[in-house]
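Below are the chains, spelled out letter by letter.
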Amino acid sequence: KLDGEPAPNDDLDIQLVWLLALEDFGPEVTTHQLTSYWQRFQLVNWVEYGVATANMTQGMPAPLCGYYNNDYKHSCGSFIRSEIWACAAPGMPHMAVDYAISDSIIDHGDGEGTWAEVFTAAMGSAAFVIHNMAELVDIGQSYVPPSSAIWQAVQ
């Protein structure tokens, strides 16, 4: 907005919350800690974000809060925030993937949205040191189960 107040941006907003959690808890940040920050700072309550928040309010921990009654668990909400994990673990895709899973299961549970974030976080992290696109795709795909739609789409 032009009056100095930024427009809400759920993707960036959540990444900033994750950055705060990393600053507060360090590289060993857990899903439980991310979930706590989600509940404290997350303002978006539509689609998968809203389902996860409602499930958390009912006492469901991750990954159940991202899985239960979530028609949006296969959506793109988490893969579009994978950049934070790639940047937090440059050149270390295994670490970026661990972070991505800890993040994505909160609002996507076992859905394809989680595998999409895993795929993009691994590629983004590896791209700090590898510049061959085919190799980056192979790295991303190596972290995704062959039974997933993400893996099959990449094939």
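A few points on the structure. (Residues numbered from 1 in each chain as written. Predicted model: local features only at pLDDT ≥ 70, side-chain atom pairs only at ≥ 80, totals over all residues. Heavy atoms only, no water.)

## Some points on the pattern of salt bridges
Where side chains of opposite charge bring their charged atoms close, a pairing between them can arise. On inspection of all chains with the given rule, the structure shows three salt bridges. Residue aspartate 103 is joined to arginine 81 by a salt bridge in which the shortest nitrogen-to-oxygen separation is 2.6 Å. One end of the pair, aspartate 103, is in helix H6 (residues 93–108); the other, arginine 81, is in the loop between helix H4 (64–67) and helix H5 (83–88), and 22 residues separate them in sequence. For aspartate 103, a relative accessible area of 0% corresponds to the buried category. Look at arginine 81 and you get buried, because its relative accessible area is 0%. The closest approach of N and O atoms between aspartate 107 and arginine 81, which form a salt bridge, is 2.7 Å. (Salt bridge = Lys/Arg side-chain N within 4 Å of Asp/Glu carboxyl O. Helix = DSSP H or I, 4+ residues; strand = E, 2+ residues; numbered from the N terminus. Buried < 20%, exposed > 50% of the residue type's maximum accessible area, 1.4 Å probe, protein only.)

## Some words on a nonpolar patch on the surface
Judged by side-chain polarity, Leu12, Leu16 and Leu19 come together as a nonpolar surface patch covering roughly 250 Å² of accessible area. Within the fold, leucine 12 resides in helix H1 (residues 10–25). On the basis of relative accessible area, leucine 12 is assigned to the partly exposed category, the value being 44%. (Patch = residues over 30% accessible without salt bridge, like charges linked within 9 Å, V, L, I, M, F, W, Y side chains within 5 Å. Areas by Shrake-Rupley, 256 points an atom, 1.4 Å probe, with all protein chains shown as cover.)

## Overview of the nonpolar core
Across soluble globular proteins, nonpolar side chains have a tendency to be buried as a group. Membership of the largest hydrophobic core comes to 23 residues, with the highest contact counts inside it found for Trp18, Leu34, Trp38, Trp85 and Ile106. Among the elements that line this core, the one with the most residues is H1, at five residues. Among the nonpolar cores identified, the runner-up in size contains 12 residues, and Val118, Phe119, Leu136 and Ile139 belong to it. (Core = buried A, V, L, I, M, F, W, Y, C linked by side-chain atoms within 4.5 Å.)

## Concerning the environment of aspartate 11
Inspection of the secondary structure assignment puts aspartate 11 in helix H1. Between the C-alpha atoms of aspartate 11 and glutamine 58, which are 47 residues apart in sequence, the distance is 24 Å. Look past the residues within four positions of aspartate 11 in its chain and what remains in contact with it is Tyr49, Gly77, Ile80 and Arg81. (Contact = heavy atoms within 4.5 Å.)

## Description of the side chain of histidine 108
Mapped onto the elements, histidine 108 comes out in helix H6. Of the polar contacts made by the side chain of histidine 108, one reaches the side chain of glutamate 48; its length is 3.4 Å. One polar contact links histidine 108 to serine 75, side chain to side chain, over a distance of 3.3 Å. Residues within four places of histidine 108 in sequence aside, it is in contact with Glu48, Gly66, Asn70, Tyr72, Lys73, Ser75, Gly77, Ser78, Gly113 and Thr114. (Polar contact = N/O pair within 3.5 Å; in protein donor to acceptor, adjacent residues only side chain to side chain.)

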